[in-house]
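Structure assessment
Below, each chain spelled out in residue letters.
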Amino acid sequence: DAKTTQPPSMDCAEGRAANLPCNHSTISGNEYVYWYRQIHSQGPQYIIHGLKNNETNEMASLIITEDRKSSTLILPHATLRDTAVYYCIVRVPAGTASKLTFGTGTRLQVTL
Amino acid sequence: DVKVTQSSRYLVKRTGEKVFLECVQDMDHENMFWYRQDPGLGLRLIYFSYDVKMKEKGDIPEGYSVSREKKERFSLILESASTNQTSMYLCASNPDRDPYEQYFGPGTRLTVT
């Protein structure tokens, strides 16, 4: 799996967009970008994934650069409940069981 | 909604005790996973299972074993608990048909004294 680099922490004002960057310069052609988050004292929660096109769902948007070496997760209107550690993971989805390798992620603090 | 439950949120055991951590999922998922999470180290995979009675070692299997006798249940066993196994243990599952998303339980915080 390709290695990812994320800033250790970020702050965001409530109601503003939170833009969380991730570098994955060694990504290969068949690897997807996934984002998970972990709210304090809970298990990780899947947010979104993509291969090369931008993706949007009810939680967030994922912007992947054209060369696929970096991506940005966007929470359009951050709330206090979005305070969490956000993990960017790059891997090939497997048909059968396949592990997720979580790094240390970005700790997002949403403030009033 | 998919539900992954773990038998305990908090557990305190003594060194040398045998410890069982239970995980149950209610969505008929084929794949189940056990991770541990430690500050500064992220999540690390201990074992996973892709079918009943099947198991594969993850990155850090030493000191652990697993059991999957039924599809919905995946147990993590610490044969002789040690203080360096004090950690947060997370169980996850996903179906073969959707390899993108893993569903996690709430975690068990185990303290070995």
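Data block above holds the structure.
Residues numbered from 1 in each chain as written. Chains lettered and ligands numbered in written order. Predicted model: local features only at pLDDT ≥ 70, side-chain atom pairs only at ≥ 80, totals over all residues. Heavy atoms only, no water.

1. Quick notes on the pattern of salt bridges
Close approach of charged atoms lets side chains of opposite charge pair. All names here are of chain A. Stated precisely, the cut-off is as follows: Take a side-chain nitrogen of Lys or Arg and a carboxyl oxygen of Asp or Glu: if they are within 4 Å of each other, that pair is a salt bridge. Think of it this way: any DSSP run of H or I at least four residues long counts as a helix, any run of E at least two long counts as a strand, and we number them from the N terminus. Residue exposure (1.4 Å probe, protein chains only): buried if accessible area is under 20% of the type maximum, exposed if over 50%, otherwise partly exposed.
Inspection of the entire model under this criterion finds eight salt bridges over all chains. For D82, the salt bridge identified is with R37, shortest N-O distance 2.8 Å. One end of the pair, D82, is in the loop between β7 (70-75) and β8 (84-91); the other, R37, is in strand β3 (residues 32-38), with 45 residues separating them in the sequence. Both residues of the pair, D82 and R37, count as buried.

2. Some points on the interface of chain B and chain A
Here is the rule: In this analysis, two residues are considered to be in contact whenever any of their non-hydrogen atoms come within 4.5 Å of each other. Here the quantity called buried area is the accessible surface, traced with a 1.4 Å probe, that two parts lose on coming together, added over both. Only Asp, Glu, Lys and Arg are considered charged in this grouping, and only Ala, Val, Leu, Ile, Met, Phe, Trp, Tyr, Cys and Pro are considered nonpolar; every other residue, Gly among them, is considered polar.
If you look at the interface, chain B gives 22 residues, while chain A gives 23 residues. Together chain B and chain A conceal approximately 1800 Å² of surface at their shared face, both sides included; 55% is due to carbon and sulfur atoms. Seen at the junction of chain B and chain A, the total is zero salt bridges. Of all elements in the fold, only β4 (31-38) and β5 (42-49) of chain B reach the threshold of two or more residues within the side of chain B that touches chain A. The residue inventory of the side of chain B that touches chain A, partitioned by class, reads twelve nonpolar, six polar and four charged.

3. Focus: the state of the cysteines
Applicable threshold: By convention in this document, the label disulfide applies to cysteine sulfur atom pairs within 2.5 Å.
Counting across every chain of the model gives two disulfides over all chains. With a sulfur-sulfur separation of 2.1 Å, A:C22 is cross-linked through a disulfide to A:C88. Given an S-S torsion of about -80 degrees, the disulfide between A:C22 and A:C88 has left-handed geometry. A residue pair is termed long-range when its members are at least 10 positions apart, and A:C22 in strand β2 (residues 18-23) and A:C88 in strand β8 qualify at 66 residues. For the pair A:C22 and A:C88, one class covers both residues: buried. Here B:C23 engages in a disulfide with B:C91; their sulfurs sit 1.8 Å apart. Given an S-S torsion of about -75 degrees, the disulfide between B:C23 and B:C91 has left-handed geometry. Residue B:C23 is located in strand β3 (residues 19-25), and its partner B:C91 is located in strand β9 (residues 87-94); the two are separated by 68 residues in the primary sequence. Grouping residues by exposure puts B:C23 and B:C91 together as buried. Not engaged in a disulfide, the cysteine A:C12 finds its nearest cysteine sulfur in A:C22; these two sulfurs lie 18 Å apart. Taking the relative accessible area as the measure of exposure, A:C12 reaches 8% and is therefore buried.

4. Considerations on the layout of surface pockets
Rules: Within this scheme a cavity is a closed region of a 1 Å grid, computed over the protein atoms alone, that accommodates a 1.4 Å probe without allowing it to escape, whereas a pocket is open but has protein on both sides within 12 Å along at least five of seven lines; lining residues each have an atom within 4 Å of a point. Grid points are joined across faces, edges and corners, and a volume is the space filled by probe spheres set on the points.
In this structure, the largest pocket spans a volume of roughly 620 Å³. If you trace the largest pocket, you find 28 residues lining it, with A:Q38, A:V85, A:Y87, A:R107 and B:Q37 closest to the centre. For the lining of the largest pocket, the elements supplying multiple residues, two or more each, are β8 and β9 (106-111) of chain A together with β4 and β9 of chain B. Element by element, the count of residues in the lining of the largest pocket is highest for β9(A), at four residues. Taken together, the residues that form the lining of the largest pocket break down as eleven nonpolar, 13 polar and four charged.

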